[in-house]
Amino acid sequence: MKRILSFIIAFSSLAAFSQSGKIPEPNTAYYWFVNSQNKVGEEVTVNLKSAVPTSEASLANQYICFECETVSDSGNFGGKIKVLVPPWKINEFLKNYCPASGSDKPIPLNAQLTLFSWRSGQMEYLLVVNQ
């Protein structure tokens, strides 16, 4: 089931690119969605353009969830990805990544690519800031 869901998520991301005629660029959400099966559990890099906290709670509120817009090294839009940040890292995350909002210069973030299961049972690829 996990593999089927992974395939569906990767396929839907890939379908969006085939319609646009573009190949996902490295360091973007799109790139990691397409290449997720080979990298789940590993630390990856994304270039953040903006980071906005969401109201989604995870794992008994052990993390704060941010929806982050990513861009390629050349500045092209690279999709959005959720990032889970432990509460004791929030101040550092806000200081380092939330200033990216509205900035022309992307800020690289290193985090673990994870296939995460929400309380609802929905599964999604996202990033978890290492503890």
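Here the structure is shown first, and the text comes after it.
Remember, it's a predicted structure, so these values are computed and weren't measured experimentally. (Residues numbered from 1 in each chain as written. Predicted model: local features only at pLDDT ≥ 70, side-chain atom pairs only at ≥ 80, totals over all residues. Heavy atoms only, no water.)

Visitor: Hey, could you run me through the overall build of the chain in this one?
Guide: A count of helical and extended segments in the chain gives 4 helices and 5 strands. Counted from the first residue to the last, the chain has its helices and strands arranged as α-α-α-β-β-β-α-β-β. Across the 131 residues in the chain, those meeting the buried criterion constitute 40%. The long-range share in the chain, meaning contacts at least 24 apart out of those at least 6 apart in sequence, stands at 57%. (Helix = DSSP H or I, 4+ residues; strand = E, 2+ residues; numbered from the N terminus. Buried < 20%, exposed > 50% of the residue type's maximum accessible area, 1.4 Å probe, protein only. Contact = heavy atoms within 4.5 Å.)

Visitor: I'm lost on the pattern of salt bridges in this one. Help?
Guide: Between side chains of opposite charge, a pair can form when the charged atoms approach closely. Taken as a whole and judged by the stated rule, the model has 2 salt bridges. For Lys 39, the salt bridge identified is with Glu 42, shortest N-O distance 3.5 Å. By relative accessible area, Glu 42 is classed as partly exposed at 36%. The closest approach of N and O atoms between Glu 124 and Lys 82, which form a salt bridge, is 3.4 Å. Of this pair, Glu 124 sits in strand β5 (residues 123-128) while Lys 82 sits in strand β3 (residues 77-85), and the two are 42 residues apart along the sequence. (Salt bridge = Lys/Arg side-chain N within 4 Å of Asp/Glu carboxyl O.)

Visitor: How should I be thinking about the packing of aromatic side chains in this particular structure?
Guide: How two aromatic rings sit relative to each other is given by the distance of their centres and the angle of their planes. Applying the stated criterion to the full structure yields 5 aromatic pairs. Where Tyr 31 meets Trp 32, the ring centres are 4.9 Å apart and the plane angle is 85 degrees; that geometry is what we call edge-to-face. Under the relative-accessibility criterion, Tyr 31 is labelled partly exposed at 24%. A residue is classified by how much of its surface remains accessible, and Trp 32, at 10% relative accessible area, is buried. Between Phe 66 and Phe 93 the ring centres are 4.6 Å apart and the planes differ by 50 degrees, which places this aromatic pair in the tilted class. (Phe/Tyr/Trp six-rings, centres within 6.5 Å; stacked < 30°, edge-to-face > 60°.)

Visitor: For this particular structure, what's the right way to read helix α4 (residues 90-97)?
Guide: In an α-helix, one turn spans 3.6 residues; hence positions three or four apart end up facing the same way. Every buried residue belonging to α4 is among Ile 90, Phe 93 and Tyr 97, and all of these are buried. The arc that holds every buried residue of α4, seen down its axis, measures 65 degrees, which confines them to one face. Among the exposed residues of α4, those pointing more than 90 degrees away from its buried face are Asn 91 and Lys 95. (Arc of directions from axis to C-beta.)

Visitor: For this particular structure, what's the right way to read unusual backbone geometry?
Guide: The bulk of non-glycine residues show a negative phi, and the bulk of peptide bonds are trans. With a phi angle near 65 degrees, Asn 27 is a residue other than glycine that sits in the positive phi range. Relative to the helices and strands, Asn 27 resides in the loop between α1 (2-20) and α2 (29-34). Taking the relative accessible area as the measure of exposure, Asn 27 reaches 18% and is therefore buried.

Read these as geometric descriptors, not functional statements.
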